[in-house]
Amino acid sequence: MQKSNPLTTFRTATWLGWQIESNWTDPLLFAIYSIVKPLAGAAIIVVMYSVITQGAFSNPLFSYMYIGNSFYMYVAAVMTGISWAVLDDREHYKTLKYIYIAPVEVPVYLLGRGVARFVTTSVGVIITLAVGMLFFHLPVDLATVNWPLFILTLLIGVIMLAMIGLLLAGITLLTARHEGFIGDAAAGALYIFSGAIFPLDILPAAIRPIGYFMPTTYWLELLRRAMVSNIANTFPTLAQFDNLQLLGILVLLSIVFGLLSFGVFRFCDYLARERGMIDRTSNY
Amino acid sequence: MPEATVRLSGWRLFISTVFARAYPRLIGQQREASWLVFEVLLPLVSVSAYVFVYRALKAPEEYVGFVVMGGAMTAFWLNVLWSMSSQLYWEKETGNLALYIMAPSSMTAILLGMALGGMLATALRALVIIVVGSWMFNVHYVVLDFVQLFAVFMLSMTALYGMGMMTSSLFLLLSREAWHIANLAQEPVYLASGFYFPIKSFPFWIAAAASVIPLTLGLDGMRQLIFPSGAALGFLDVRLEIGILILLSALFLVGARVLLDYMEKLAIREGRLTESRR
C-alpha cells in the first residue's frame, strides 16, 4: 500500500494535536490554563525552598532546582502527550482504527500528536524561566547563555522524550484500565531519578546508579550548564564530565532508548493487531 | 405468580440509593488490584521527590512528615476532582446520566453515595501512603489530642466532599472543558492549600483565602496535632479551625443541595443531559 509522505503525516498530526489541545475553550482561558498550571508547579518548589532557606535565592541550589523543574515540564508533557494520543483516539474519539487503515505511518502520526504538547509546554517553560529571572534573581543572562549547546541539547532531548513517549504509546495499545497511570508513573519515576530538583547525591546509595542510566539526567544537566555556566562545579554529581562528554553520553543513551522504544512499539503494535485491540473500547 | 418486589420510597429509597452508589466505589475499586498499586505508588513518587528536596535543603525532619501527610491528602483531593466533580461529566459521556435523572431516587442521594464510597475507598489508600511513606522516610508522630484529630479529619472530609458535590453540579453543564478544568485544579490547589509546607508561610490574607478549600485548614490542624512543633507552624488555633470547618461543611452541603437542583433543571431545559460535545 502506498503510504503518505511522512512529513505530511507529521504536519497534519501536529495540527490535529494542536486543535485538540487548544480548541476546548476561548484563547484567554487557554492562555491562563497554559500559564497557571506550570507556574503553580514551580511555585511549590520556590515556597518549599523559601521556607527553609528564608529566601536565599542566590544560592546555586535554587538555580539548580528551578531550572531543572522548569525544563522537566517537557518530560511529562511530551512523553504522556504521545501515549495519551492512543488513549484519546481509541477511547474518546474512536478514530484509532481509521488512523490504522489510513495510508500513514502510525508512529509518525503519534509523534506529530506529541509535538502539540511540546508547543504548549514551551509557553509554560519560557514564562516560568522569565518569572524566575524577574522575581527570584535567577542568574540567567541571555547574553551569556551558550545558545548552540542549549539548542542542540533541547533538540536531542525532545527527540529522546518523543521516542520514550512512543514506547509508552505501545504499552498503552495493550492496556485498558491503566492507561492514565502509565505516563504519570514514568514521568514521576524520572522526576526522582533524573536529578531534576535535587542532586543525585541526595538519593540513597543503593538506588543512585539508576539515575546515571537515565538520559534525562544528562539532558537536564546540559541545559543547566548552557544557561548558567558556573553551575557545573557547584554539585559533584557530574562535575567530572565536561560538556562534550555529557553530550556524548546523552546522544548514546538517546540512541539506545530510541532503538528500544521503537522496538517495543513495533512489538506492541503487532500484538495489538493480533489480539484485535486496535478498535476495542473500554470506556476508561 | 412471584411475589412483587417491595417498592421503596421516601427516606428508605434515599438510604438505599446512597448505599447502592457507594457500593461500586468501595468494593469495585478494590477488585482491580493494579489501581490500588498505582493510586498508592503515584502519590508516593511525588512524596519521595519532595522529601528529597527537603533533605537537599537540610530541612528539619518534621518537614518530611509534612510532605508524607500532604501526599496522603492529595489522594482525597484527586478523588474529589476526578471522581466527584467530574463524575457527572463522565456519566454523561457514558450515557448513564439520563438513567440517573430518570431513576426515582434523588441526585443528592446518588452524589452522597459517591462521596461516602469514594471517601472510604480513598481513606484506605491514604492510610497505606502514610504507613509506607512513614516507614520509608522514618517519620514519627506524637498525637497530642485524638478527639480533636478525629474531629479535624472528619470535618475536613465532610466539607471537602460537600464541595465536591457542589462542583459536580457545575460540571454537569460542561463538556470537554471539564477534563481541563479538573486538570487545572491540581497544582494550584497543592500550592494554595500548603500540601507540602506550612500554610503559615503565606501572608495572612492569602492563607485565609486558601482556607476556603477544606484541606487547607484540615492539613494545618492535623499537623498541629501530630507533630511536636506543629503548633508553632500552625496558621490558626486548632479549635478555631474546627469551628471554621464546621461552617464550611454546612455551607458546602447546603450549597450542593441547592446547586444540584438548580443545575439539573437548567441542564434539562438546555438539553445538556445527553449531549456529548467533544
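Analysis parameters
Residues numbered from 1 in each chain as written. Chains lettered and ligands numbered in written order. Predicted model: local features only at pLDDT ≥ 70, side-chain atom pairs only at ≥ 80, totals over all residues. Helix = DSSP H or I, 4+ residues; strand = E, 2+ residues; numbered from the N terminus. Rg over C-alpha atoms; globule rule 2.2 N^0.38 Å. Buried ≥ 20, exposed ≤ 12 C-beta atoms within 10 Å, placed from the backbone. Contact = placed C-beta atoms within 7 Å. Nonpolar A, V, L, I, M, F, W, Y, C, P; charged D, E, K, R; others polar. Expected span 1.5 Å × (residues − 1). pLDDT = per-residue confidence, 0-100. Axes fitted to C-alpha atoms, helices over the stretch in contact; angles between N-to-C directions. Parallel < 35°, antiparallel > 145°, perpendicular 65-115°, else oblique. Left-handed = near helix turned anticlockwise from the far one by under 90°.

Here's the deal with the overall build of chain B
In step 1: The number of helices and strands found in chain B is twelve helices and zero strands.
In step 2: The order of helices and strands in chain B, counted from the N terminus, is α-α-α-α-α-α-α-α-α-α-α-α.
In step 3: Its C-alpha atoms give chain B a radius of gyration of 20 Å, near enough to 19 Å, the size a compact globule of 278 residues would have.
In step 4: Taking all 278 residues of chain B together, the buried fraction comes to 49%.
In step 5: Relative to all contacts within chain B whose residues are 6 or more apart in sequence, the contacts with residues 24 or more apart total 82%.

Side note on the overall build of chain A
In step 1: The helix and strand tally for chain A stands at ten helices and zero strands.
In step 2: For 284 residues, the compact-globule estimate of 2.2 N^0.38 gives 19 Å, and chain A sits close to it at 20 Å.
In step 3: Overall size of chain A, expressed as C-alpha extent along the three principal axes, is 60 × 40 × 35 Å.
In step 4: With 284 residues in all, chain A has 43% of them scored as buried.
In step 5: The long-range share in chain A, meaning contacts at least 24 apart out of those at least 6 apart in sequence, stands at 84%.

So, the interface of chain B and chain A
In step 1: Listed by partner, the interface residues are 30 residues for chain B and 34 residues for chain A.
In step 2: Every element with two or more residues in the side of chain B that touches chain A is listed here: helix H2 (33-56), helix H8 (177-184) and helix H9 (187-192) of chain B.
In step 3: With 14 residues, the top contributor of residues to the side of chain B that touches chain A is H2 of chain B.
In step 4: Each residue belonging to the side of chain B that touches chain A can be placed in one class, and the counts come to 18 nonpolar, six polar and six charged.

Overview of helix H4 (residues 87-94) of chain B
Residues and elements named next belong to chain B.
In step 1: For H4, every residue scored as buried is listed here: Gln87, Leu88, Tyr89, Glu91 and Lys92.
In step 2: Buried residues belonging to H4 abut helix H3 (61-85), helix H5 (97-102), helix H6 (107-137), helix H7 (146-171) and H8.
In step 3: Of the residues one or two after H4, Gly95 is the one with positive phi, at around 90°.

Quick word on helix H2 (residues 27-53) of chain A
In step 1: Compared with an ideal rise of 1.5 Å per residue, which puts 27 residues at 39 Å, H2 of chain A spans 38 Å between its outermost C-alpha atoms and is within 8% of the ideal.
In step 2: Every buried residue belonging to H2 of chain A is among Tyr33, Ser34, Pro38, Gly41, Ala42, Ile44, Ile45, Val46, Met48, Tyr49 and Val51 of chain A, and all of these are buried.
In step 3: Buried residues along H2 of chain A sit against helix H3 (60-92) and helix H5 (106-135) of chain A together with H2, H8 and H9 of chain B.
In step 4: Just beyond H2 of chain A, the residue with positive phi is Gln54 of chain A, at close to 60°.

Section: unusual backbone geometry
In step 1: For Lys94 of chain A, which is not a glycine, the phi torsion comes out positive at approximately 55°.
In step 2: Here Lys94 of chain A lies in the loop between H3 and helix H4 (96-101).
In step 3: Residue Lys94 of chain A is classed as partly exposed on the basis of its 13 C-beta neighbours within 10 Å.
In step 4: Although it is not a glycine, Lys58 of chain B sits at a positive phi angle of roughly 55°.
In step 5: Tracing the sequence through the fold places Lys58 of chain B in the loop between H2 and H3.

Side note on the confidence of the model for chain B
All names here are of chain B.
In step 1: Averaged over all residues, the pLDDT of chain B equals 87, while 95% of them reach at least 70.
In step 2: The least confident element of chain B is H4, whose mean pLDDT is 78; the most confident is helix H11 (residues 214-226), at 95.
In step 3: In the predicted complex, the global pTM is 0.89; the interface-specific ipTM is 0.90.

A closer look at the environment of Val251 of chain A
Residue and element names in this part refer to chain A.
In step 1: In this structure, Val251 sits in helix H10 (residues 243-274).
In step 2: The exposure class assigned to Val251 is partly exposed, which follows from the 15 C-beta atoms found within 10 Å.
In step 3: Sequence separation between Val251 and Met160 is 91 residues, and the spatial gap between their C-alpha atoms is 8.8 Å.

Considering the packing of H6 of chain B against helix H12 (residues 238-269) of chain B
Residues and elements named next belong to chain B.
In step 1: Contact geometry of H6 with H12 gives a least axis separation of 10 Å together with a crossing angle of 125°. When the axis of H6 is compared with that of H12, the two are oblique. The two elements H6 and H12 meet at a crossing, and its hand is right-handed. For the pair formed by H6 and H12, the contact residues are Met107, Thr108 and Leu111 on the first element and Arg257, Leu260 and Glu264 on the second.
In step 2: Each residue belonging to the contact of H6 with H12 can be placed in one class, and the counts come to three nonpolar, one polar and two charged.

Let's talk about the environment of Asp201 of chain A
Residues and elements named next belong to chain A.
In step 1: Assignment of secondary structure puts Asp201 in the loop between helix H7 (179-193) and helix H8 (208-212).
In step 2: By the C-beta count within 10 Å, which is 13 here, Asp201 ends up partly exposed.
In step 3: When the C-alpha positions of Asp201 and Ala272 are compared, they lie 41 Å apart, and in sequence the two are 71 residues distant.
In step 4: Those residues in contact with Asp201 that sit more than four places away from it in its chain are Pro236 and Thr237.

Structural notes on the packing of helix H6 (residues 147-173) of chain A against helix H9 (residues 215-227) of chain A
All names here are of chain A.
In step 1: At their nearest, the axes of H6 and H9 sit 9 Å apart, and the two run at 160° to each other. Of the possible angle classes, the one that applies to H6 and H9 is roughly antiparallel. At the point where H6 passes H9, the crossing takes the left-handed sense. Across from Leu149, Phe150, Thr153, Leu154, Gly157 and Met160 in H6, the residues of H9 making contact are Pro215, Trp219, Leu222, Leu223, Ala226 and Met227.
In step 2: Each residue belonging to the contact of H6 with H9 can be placed in one class, and the counts come to ten nonpolar, two polar and no charged.

Thoughts on the environment of Asp237 of chain B
Residue and element names in this part refer to chain B.
In step 1: Relative to the helices and strands, Asp237 is located in the loop between H11 and H12.
In step 2: By the C-beta count within 10 Å, which is 12 here, Asp237 ends up exposed.
In step 3: Between the alpha carbons of Asp237 and Glu32 there is a distance of 41 Å; along the sequence they are 205 residues apart.

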